[in-house]
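Commentary on secondary and tertiary structure
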Amino acid sequence: SVVIFDMATSILSKYSIAEFISNREPIASERIKLAEQLFSGVSFLGKNIIGSMYRPEYPLYIFNSNGEKIKGFGAYPISDITYTDIEIIDAYRSVITTNLTDRVAVCHYFTDLIDIYNKEGALEKRIHGPEHIFPHFKEYVDGNIVSSKAVKGTYRDAFYSPVSVGEDFFVLYNGKSVEEKGYNLLAKEIFVFGWDGKPRQRILLDKGVFRIAVDQSNKKIYGISDDPEYHIVEFSYK
């Protein structure tokens, strides 16, 4: 099936693949309205749905197949940096993928940290590297708005676009400082890990992308680039 999550409405729409590719106006076979709004995309963990919310108690939350919230999931990383509630949410923003059954990989945007949890929310493995970045954010108040922003000189992109691929998951790594001249989101480095957290492979692309999908059967990686305009790039890997 194909599942599309509309963040604005908190609705997941499920389509059969045949319906999605053959009908110009595909009709969803099922729609699920989540009880609360999420801060990112979603994934599946068994029959449940998992995603992040803008809250300091937990980085992730579990919803059942009816869209009802069940519980918080995981924990924010601990470091020698003291954060306010707003700072820790922004500093440890992340994107996830799952093996659809019993493992969740939490890949952080602003620190090169990956946490792998089991389906109960217990931390199975923490991977930090290759550069051991930690994010520094500072809270500020602007009228009635309380927010935070990165401290100058500490703001670097790390992981994004993790993809579950059988016994492994692939994830893009950027590593660039957002303050450097000519900065962009395009990354040329992919790390491959097993669901036990063990490194499998490092793939270097000859063209930068900011989003990937993987065809394991044909050993192809598809990426999205915006240089010089938006297009899809195809890569082969071993």
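Scoring rules and cut-offs
Note on numbering: residues in each chain are counted from 1, in written sequence order. Given that this is a predicted model, residues contribute local features only at a pLDDT of at least 70 and side-chain atom pairs are listed and counted only at 80 or more, while totals for whole chains, interfaces and linings are drawn from all residues. The side-chain figures draw on all heavy atoms in the structure; neither hydrogens nor water molecules are used. Here, nonpolar core means buried Ala, Val, Leu, Ile, Met, Phe, Trp, Tyr and Cys residues that are tied together by side-chain atoms lying within 4.5 Å of each other. Burial here depends on accessible area, computed with a 1.4 Å probe over protein chains only, as a share of the maximum for the residue type. Under 20% is buried, over 50% is exposed, and the range in between is partly exposed. Only DSSP runs of H or I with at least four residues qualify as helices, and only runs of E with at least two residues qualify as strands; both kinds are numbered from the N terminus onward. For this analysis, residues touch if any pair of their heavy atoms sits within 4.5 Å. Being paired, for any two strands, means DSSP has found at least two bridges between them. To obtain an axis, a line is fitted to C-alpha atoms, over the contacting stretch when the element is a helix, and the angle between two such axes runs from 0 to 180 degrees between their N-to-C directions. Any carboxyl oxygen of Asp or Glu within 4 Å of a side-chain nitrogen of Lys or Arg constitutes a salt bridge here. The criterion for an aromatic pair is that two Phe, Tyr or Trp rings (for Trp, the six-membered ring) have centres within 6.5 Å, with stacked assigned to planes under 30 degrees apart, edge-to-face to planes over 60 apart and tilted to the rest. Sitting over a ring, as applied to charges here, requires NZ of Lys or CZ of Arg to be within 6 Å of the ring centre and within 35 degrees of the ring normal.

Brief notes about the nonpolar core
Ranked by size, the top nonpolar core spans 17 residues in total, and within it Phe-170, Ile-190, Ile-203, Ile-212 and Ile-221 carry the most contacts. If you list the elements that add at least two residues to this core, you get β14 (159-165), β15 (168-173), β16 (187-194), β17 (199-209), β18 (211-215) and β20 (231-236). In this view, Ile-203 contacts Phe-170, Lys-188, Glu-189, Ile-190, Val-192, Ile-221 and Tyr-237; residues no more than four positions away in its chain are not counted. In terms of nonpolar packing, the next biggest core, distinct from the first, is built from 15 residues, Val-95, Ala-105, Ile-114 and Phe-193 among them.

Things to note about the sheet that holds strand β4 (residues 42-45)
Taken in spatial order, the 4 strands make up an open sheet running β4-β5-β6-β7, and their pairing is antiparallel. At either end of the open sheet lies a strand with only one pairing partner, and these are β4 and β7 (69-73). Averaged over neighbouring strand pairs, the angle between their axes works out to 30 degrees when direction is ignored. Pairing geometry for β4 and strand β5 (residues 48-51), over 4 bridges, is antiparallel. Opposite Ser-43, over in β5, you have Ile-50 as the bridge partner.

Quick word on the pattern of salt bridges
Applying the stated rule across the entire model yields 10 salt bridges. Here Arg-126 ties to Asp-115 by a salt bridge, and the two come within 2.6 Å at their closest N and O atoms. Of this pair, Arg-126 sits in strand β11 (residues 123-128) while Asp-115 is found in strand β10 (residues 113-118), placing the two residues 11 residues apart along the sequence. Since its relative accessible area comes to 35%, Arg-126 is described here as partly exposed.

What to know about the sheet that holds β14
The 4 strands are arranged β14-β15-β16-β17 in an open sheet whose pairing can be described as antiparallel. Since the sheet does not close on itself, it has two edges, and those belong to β14 and β17, each with one partner. Between one strand axis and the next, the sheet turns through 20 degrees on average, direction left out of account.

What about the environment of Phe-170?
Along the polypeptide, Phe-170 turns up in strand β15. Sequence separation of Phe-170 and Glu-139 is 31 residues, and the distance between their C-alpha atoms is 33 Å. With residues up to four places along the chain from it excluded, the contact list for Phe-170 reads Ser-161, Pro-162, Val-163, Val-165, Ile-190, Phe-191, Val-192, Ile-203, Ile-212, Val-214, Ile-221 and Tyr-237.

Thoughts on the pairing of β16
Within β16, 7 of the 8 residues are buried, which leaves it mostly tucked inside the rest of the structure. In the sheet, β15 pairs with β16 via 6 bridges, with the strands oriented antiparallel. Residue Phe-169 lies in a different strand from β16, and its bridge partner there is Phe-193. With 6 bridges joining them, β16 and β17 adopt antiparallel strand pairing. The partner of Val-192 across the bridge, within β17, is Gln-201.

Some words on the packing of aromatic side chains
A full pass over the atoms with the stated rule returns 17 aromatic pairs. When the ring of Phe-159 is compared with that of Phe-191, the centres are 6.4 Å apart and the planes differ by 75 degrees; the resulting orientation is edge-to-face. Residue Phe-159 is found in strand β14, and its partner Phe-191 is found in strand β16; the two are separated by 32 residues along the sequence. For Phe-159, a relative accessible area of 1% puts it in the buried group. One aromatic cluster is present, formed by Phe-159, Phe-169, Tyr-173, Phe-191, Phe-193 and Trp-195 through successive ring pairs. Across the ring face of Tyr-61, the terminal group of Arg-55 is positioned such that the distance to the ring centre comes to 5.9 Å. Over the ring of Tyr-140 we find Lys-149; its NZ or CZ atom is 5.6 Å from the centre of that ring.

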